Amino acid sequence: MSTSARYDFDTVIDRRGTWCVQWDGVADRFGVDGLLPFTISDMDFATAPEVLTALRARLDHGVLGYTTWQQDDFRSAVAHWYATRYGTEVDTGRLVYGPSVLSQLSQLLQMWTAEGDGVVVHTPTYDGFRKAVTGLGRELRGVPLGDTEALERELARADAKVFVLCSPHNPTGRVWTEDELREMGTLARRHGVAVISDEIHADFVHDGYRHVPWTRIGGDGRWAVITSGSKAFNFPALTGSYGFIGDPADRAELLRRMETAEGLASPAVLSLTAHIAAYRDGAAWLDAARSYVAGNLALIAERLNGAFPELAWQPPQAGYLAWIDLRPLGVGAGAGTDGGDGGGGVDDEALQRVLIEREKVAIMPGAVYGAPGFLRLNAGCPRSKVVAGVEALVRGVGGVR
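Residues numbered from 1 in each chain as written. Predicted model: local features only at pLDDT ≥ 70, side-chain atom pairs only at ≥ 80, totals over all residues. Heavy atoms only, no water.

Draft legend 1. Structural view of the pairing of strand β3 (residues 118–123). The buried fraction of β3 is high, at 5 of 6 residues. The pairing of β3 with strand β4 (residues 139–144) spans 6 bridges and is parallel. Its bridge partner being in β4, G118 is matched across the sheet by E139. Handedness of the β-α-β unit built from β3, helix α6 (residues 127–135) and β4 comes out right-handed. Summarising the sheet, β3 and strand β5 (residues 160–166) pair through 3 bridges and their orientation is parallel. Bridge pairing links V120 to F163 in β5. (Buried < 20%, exposed > 50% of the residue type's maximum accessible area, 1.4 Å probe, protein only. Helix = DSSP H or I, 4+ residues; strand = E, 2+ residues; numbered from the N terminus. Pairing = 2+ DSSP bridges. Right-handed = clockwise from strand over helix to strand, strands pointing away.)

Structure representation (structure tokens):
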């Protein structure tokens, strides 16, 4: 039996009525209930059966008391994952743990910046970064993806203190090469800027690309990696994240903040259980899920490019989020039919109205990430749902052109 045949990704699991943000909370963002959602970045698949088996065994024990992440089962599972997945030996003495990637980001920003300081990010920008940075009174400074000169200009500013790197990048799905990462690391060290590398999408890199952990890049600069198995194995509701911090004093300070100021000395035991099972026994499921999602993304490319050849859309290098540039079709505020700034375009709101009111689908508008004219469509779902979504998108775009 092939690896992919061992797991079922086609069966539709009804998530309605389960307090699900993507399905039950769609009206909160789109103003209309009952839409077919392709929104928040979790998947409609059950997590790996190996993870579910471990969770059931832990629940069968019956005692759910205070627990600790500072134990060998967790440390060794993380080390095993990095060794087998990335060919990287990690120093588990640098490990930290927290309730979420964004909570770790918030604590690190408070450690390494003061109100009014500059925090550099790539654009388009994951909206969680924007909320975390601006919510703390720091100044978010965006640089276009891949523009090294702009990145150095921002890092060189006297009040630039932190560079938040998304690796792989959300929402575009770009996987950074080792040379690109080393160049970023050199620039950050040159200008005394700390690097926080969010690598939560790393485990979902597609064939032909390779994720390089920042633990191999950071060197003697000030840096942190923040990540979680919850994205790739689809258990974000369990909470839980971990990371690595380069400097021992910084690590000690983050742990102090988590355990005292934030009162988070005891992690969620089911999250620890899920991480250990995923990293020890879940690789085959993850590979099968990636292969299935790659098929979904290929289907989207075939249908979109068949309907609109000028898009020439290519699937992302990582993840299950299809980042679709509709500017060549004249979509985007003030966009011309060439994707430029000329007149005659269709604004994002007009397209959203058609998708919501007529097609009854919810697809994230690019403006959420600072990129009008784009859409982010979640393809982490059964193929029948992807077909329904891309057909609705084709009809919706065709109806506003």
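Text resumes after the structure shown.
Draft legend 2. Geometry of the sheet that holds β4. Spatial strand order, β2-β8-β7-β6-β5-β3-β4: 7 strands in an open sheet with mixed pairing. Only two strands of the sheet have a single neighbouring strand rather than two, namely β2 (95–98) and β4. Direction aside, neighbouring strands of the sheet carry axes that sit 25° apart on average. The pairing of β2 with strand β8 (residues 241–245) spans 4 bridges and is classified as antiparallel. (Axes fitted to C-alpha atoms, helices over the stretch in contact; angles between N-to-C directions.)

Draft legend 3. Highlighting the sheet that holds strand β1 (residues 36–38). Strands sit in the order β1-β10-β11-β9 across an open sheet of 4 strands; the sheet is mixed. Every interior strand has two partners, whereas the edge strands, β1 and β9 (321–325), have only one. Averaged over all pairs of adjacent strands, the angle between strand axes in this sheet comes to 35°, irrespective of strand direction. Where β1 meets strand β10 (residues 361–365), 3 bridges bridge the pair, whose relative direction is parallel. Looking at the pairing, P37 lines up with A362 of β10.

Draft legend 4. Broad picture of the environment of D147. Along the chain, D147 turns up in the loop between β4 and α7 (148–155). Exposure remark for D147: the relative accessible area of 31% places this residue in the partly exposed category. Taking the C-alpha atoms as reference points, D147 and A268, separated by 121 residues in sequence, lie 40 Å from one another.

Draft legend 5. View of the nonpolar core. If you look at the biggest cluster of nonpolar residues, it comprises 112 residues, and the most contacted ones within it are F233 and I300. Ranked by residues supplied to this core, first place goes to helix α12 (residues 283–307) with 10 residues. Look past the residues within four positions of F233 in its chain and what remains in contact with it is T47, A48, W81, A278, Y279, G282, W285 and L286. Core analysis: the next-biggest nonpolar cluster, separate from the first, contains 11 residues, F30, W323, M364 and V368 among them. (Core = buried A, V, L, I, M, F, W, Y, C linked by side-chain atoms within 4.5 Å. Contact = heavy atoms within 4.5 Å.)

Draft legend 6. α7, seen in detail. Of the positions making up α7, those classed as buried are A150, L151, E154 and L155. Seen from one end, α7 has its buried residues packed into an arc of 130°, which puts them on one side. The exposed set on the far side of α7, more than 90 degrees from its buried face, consists of E149 and R153. Elements in contact with the buried residues of α7: β3, β4, β5 and α8 (178–190). (Arc of directions from axis to C-beta.)

Draft legend 7. Here's a closer look at unusual backbone geometry. Note that the residue after T123, namely P124, is joined by a cis bond; omega there is 0°. Mapped onto the secondary structure, P124 falls in the loop between β3 and α6. In this model, N170 is joined to P171 through a cis peptide bond whose omega is 20°. You can see P171 is positioned in the loop between β5 and α8. In the Ramachandran plot, W19 falls in the positive-phi region, its phi being about 65° despite a non-glycine side chain. Following the sequence through the fold, W19 ends up in the segment before α1 (21–24). On the basis of relative accessible area, W19 is assigned to the exposed category, the value being 82%. Unusually for a residue other than glycine, K360 sits at a positive phi of about 60°. As for its placement among the helices and strands, K360 is situated in the loop between α13 (348–358) and β10. Taking relative accessible area as the criterion, K360 reaches 44% and is therefore assigned partly exposed.

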